[in-house]
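# Reading the structure
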Amino acid sequence: MQELSLVVPCFNEEKTLSFFIKEVEKVSEKMEVEIVYYLVNDGSTDQTLSVLRELAQVNPRIRYLSFSRHFGKEAALLAGLKAAKGEFVTVMDADLQDPPDLLPEMFRLICEGTYDVIGTRRSGRKGEPPIRSWFAEVFYKLINNISETKMVDGARDFRLMKRQVVDAILELKEINRFSKGLFNWVGFKITYLSYENYKRVAGETSWSFWSLFKYSLEGIINFSEAPLNIATFIGIISCLISFFTMIYYFTINLIWDNPVPGWTSTACIILFIGGLQLFCLGIIGKYLGKIFLETKRRPVYLIKEKNFD
Ligand code: UDP
Ligand code: MG
């Protein structure tokens with residue numbers, strides 16, 4: 001039988017994991033494919049690792065690997081995708097917010113052969129703070145305007161991919177990974193299934209507002225040069241403005257000969273230009289920082305323990 005690999009990043013999921021496995025097992029009975037789990041413990045501080053060990057003992061189709069420390073969801077996804085051997089690969093969350101009930105339908109669709117990827121998207125953002133939904137909306141509008149890689153609002157990481165697509169994603173060797181972008185960057189034919197938003201079964205989300213904000217900045221910096229262009233644009237405009245003000249004050253001084261007043265305006269202009277320069281330097285610094293991190297070629301994660309080769 002063909003293998004369907006389930007890649008699941010787990011960070012402090014001791015409470016959800018057994019629910020998750022139970023639900024997926026229920027669904028898997030309806031599918032003519034062997035589901036193999038690749039559970040990646042992303043340096044959890046709770047009992048996730050021992051839960052993984054126990055689960056793996058009763059179910060030979062459960063494979064886990066555990067990081068030496070917390071490396072983040074992106075790293076966990078990468079490790080899981082690398083480990084997955086299946087002809088088909090699914091990425092999903094451990095908290096059942098990605099409903100396993102969709103799997104049979106997704107699998108059926110991919111077997112039809114028209115599509116290489118079956119993605120999912122939430123039709124609403126029920127149960128989420130309104131301010132968070134608003135920021136998400138702004139982010140998607142922004143990124144789709146300034147980046148050539150399009151990202152679909154509400155699209156989850158939950159997706160079923162053919163081997164070929166996974167290999168393409170693994171070809172991308174960058175260290176700063178923004179999966180939502182990478183998944184789209186590789187292209188291939190994709191269709192989306194919609195579903196209602198579900199609440200976590202247990203545990204708590206590990207994304208604070210601040211971490212989401214940083215995550216969206218990652219997306220923008222990694223997939224767009226627009227901020228650099230904006231910085232250049234602002235630089236040019238402010239140069240022009242200061243050039244004309246210079247001429248203006250110069251002529252005024254020639255005509256009326258008044259040396260002392262004008263100090264204020266000069267100070268204002270200096271401050272203004274200084275501020276702009278700092279702003280632009282900040283943007284350039286962001287990109288430079290990325291380059292710095294990339295050039296170090298550090299591994300994205302380190303594995304401490306795993307139960308398979
Ligand atoms: N996760 C992870 N590392 C992290 C944060 C999250 O591996 O640093 C995993 C987490 O265990 C879950 C998935 O990523 O399986 C989604 O996380 P969460 O439910 O907290 O995010 P949300 O659904 O709120 O976006
Ligand atoms: Mg979740």
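A brief report on the enclosed structure follows. Computed from a prediction, not measured in an experiment: that's the story for all the values here. (Residues numbered from 1 in each chain as written. Chains lettered and ligands numbered in written order. Predicted model: local features only at pLDDT ≥ 70, side-chain atom pairs only at ≥ 80, totals over all residues. Heavy atoms only, no water.)

With that settled, consider the overall build of the protein chain. In terms of helices and strands, the protein chain carries ten helices and eight strands. Taken against the 2.2 N^0.38 rule, which gives 19 Å for 309 residues, the C-alpha radius of gyration of the protein chain at 25 Å runs more than 25% over that of a compact globule. Considered along the principal axes of its C-alpha atoms, the protein chain spans approximately 90 × 40 × 35 Å. Looking at the protein chain as a whole, 45% of its 309 residues are labelled buried. Of all intrachain contacts in the protein chain linking residues separated by at least 6 positions in sequence, the fraction that spans at least 24 positions is 83%. When the accessible surface of the protein chain is totalled, it reaches about 17200 Å², and 61% of it is carbon and sulfur. Separation between the mean location of the 37 positive side-chain charges and that of the 36 negative ones in the protein chain comes to 2 Å. (Helix = DSSP H or I, 4+ residues; strand = E, 2+ residues; numbered from the N terminus. Rg over C-alpha atoms; globule rule 2.2 N^0.38 Å. Buried < 20%, exposed > 50% of the residue type's maximum accessible area, 1.4 Å probe, protein only. Contact = heavy atoms within 4.5 Å. Areas by Shrake-Rupley, 256 points an atom, 1.4 Å probe, with all protein chains shown as cover. Lys, Arg positive; Asp, Glu negative; His and termini not counted. Charge placed at Lys NZ, Arg CZ, Asp CG, Glu CD.)

On the surface, Phe233, Ile236, Ile237, Leu240, Ile241, Phe243, Phe244, Met246, Ile247 and Phe272 cluster together to form a nonpolar patch covering roughly 1000 Å² of accessible area. In terms of residues, the nonpolar patch owes the most to one element, helix α9 (residues 226-256), which gives nine residues. With respect to the secondary-structure elements, phenylalanine 233 resides in helix α9. Overall, phenylalanine 233 belongs to the exposed group, its relative accessible area being 54%. (Patch = residues over 30% accessible without salt bridge, like charges linked within 9 Å, V, L, I, M, F, W, Y side chains within 5 Å. Salt bridge = Lys/Arg side-chain N within 4 Å of Asp/Glu carboxyl O.)

Around ligand 1 there are 16 residues in total, and Glu13, Asp42, Asp95, Gln97 and Thr205 lie nearest to it. Contact between ligand 1 and histidine 70: an oxygen atom at 3.3 Å from a side-chain N or O atom of the residue. Within the complex, the protein chains bury 91% of what would otherwise be the 530 Å² of accessible surface of ligand 1. Split by residue class, the shell around ligand 1 holds five nonpolar, five polar and six charged. (Near = heavy atom within 4 Å. Polar contact = N/O pair within 3.5 Å; in protein donor to acceptor, adjacent residues only side chain to side chain. Nonpolar A, V, L, I, M, F, W, Y, C, P; charged D, E, K, R; others polar.)

Between its terminal C-alpha atoms α9 stretches 45 Å, which fits the 45 Å expected from 31 residues at 1.5 Å a residue. Residues of α9 that are buried: Ala226, Pro227, Ala231, Ser238 and Ser242. (Expected span 1.5 Å × (residues − 1).)

Next up on the list: the sheet that holds strand β5 (residues 117-122). With mixed pairing, the eight strands of this open sheet are ordered in space as β7-β5-β6-β4-β1-β2-β3-β8. Two strands close off the open sheet at either side, each with one partner strand: β7 (190-195) and β8 (303-306). Looking at each pair of strands side by side, their axes are set apart by 20 degrees on average, direction ignored. Of the pairings in the sheet, the one linking strand β2 (residues 34-41) to strand β3 (residues 62-67) comprises five bridges and is parallel in character. By the bridge assignment for β3, asparagine 41 is matched with serine 66. (Pairing = 2+ DSSP bridges. Axes fitted to C-alpha atoms, helices over the stretch in contact; angles between N-to-C directions.)

Another aspect to go through is the packing of aromatic side chains. Applying the stated rule across the entire model yields eight aromatic pairs. Arranged with centres 5.5 Å apart and planes meeting at 90 degrees, the rings of phenylalanine 67 and phenylalanine 71 form a pair that is edge-to-face. Of the two residues, phenylalanine 67 and phenylalanine 71, neither departs from the other in class, the shared state being buried. Their ring planes at 70 degrees and their centres at 5.3 Å tell us that phenylalanine 139 and tyrosine 140 sit as a pair that is edge-to-face. Tyrosine 140 shares its class with phenylalanine 139; the two are buried. Here the aromatic residues Phe67, Phe71 and Tyr301 are joined through ring pairs into a cluster of three or more. Against the face of phenylalanine 71 rests arginine 69, its NZ or CZ located 3.9 Å from the ring centre. The ring centre of phenylalanine 308 lies 5.3 Å from the NZ or CZ of lysine 306, which sits over that ring. (Phe/Tyr/Trp six-rings, centres within 6.5 Å; stacked < 30°, edge-to-face > 60°. Lys NZ or Arg CZ within 6 Å of the ring centre and 35° of its normal.)

Take the environment of methionine 246 next. By the element assignment, methionine 246 lies in helix α9. Separated by 20 residues in the primary sequence, methionine 246 and threonine 266 place their C-alpha atoms 9.3 Å from one another.

Here we take up helix α5 (residues 130-146). Here α5 contains 17 residues, and its C-alpha end-to-end distance of 25 Å stays within 8% of the 24 Å for a straight helix at 1.5 Å per residue. Among the residues of α5, Ser133, Ala136, Phe139, Tyr140 and Ile143 are the ones counted as buried. For α5, the buried positions fall inside an angular range of 120 degrees around the axis, keeping them on one side. In α5, the exposed residues that point more than 90 degrees away from the buried face are Pro130, Lys141 and Asn145. Residues of α5 that are buried make contact with β6 (155-162), α7 (179-185) and α8 (209-223). (Arc of directions from axis to C-beta.)

What follows deals with the nonpolar core. Formed by 40 residues in total, the largest nonpolar core has its most connected members in Phe67, Leu81, Met161 and Tyr301. Elements with a contribution of two residues or more to this core: β2, β3, α3 (73-83), β4 (88-91), α5, α6 (163-171), α7 and α8. A total of seven residues in this core trace back to one element, the largest contributor, which is α3. With sequence-adjacent residues up to four places away left out, tyrosine 301 is seen in contact with Phe67, Phe71, Ala75, Leu78, Ala79 and Lys82. In terms of nonpolar packing, the next biggest core, distinct from the first, is built from 36 residues, Leu17, Ala56, Ala94 and Leu160 among them. (Core = buried A, V, L, I, M, F, W, Y, C linked by side-chain atoms within 4.5 Å.)

Spatial relationships are all this shows, so hold off on functional conclusions.
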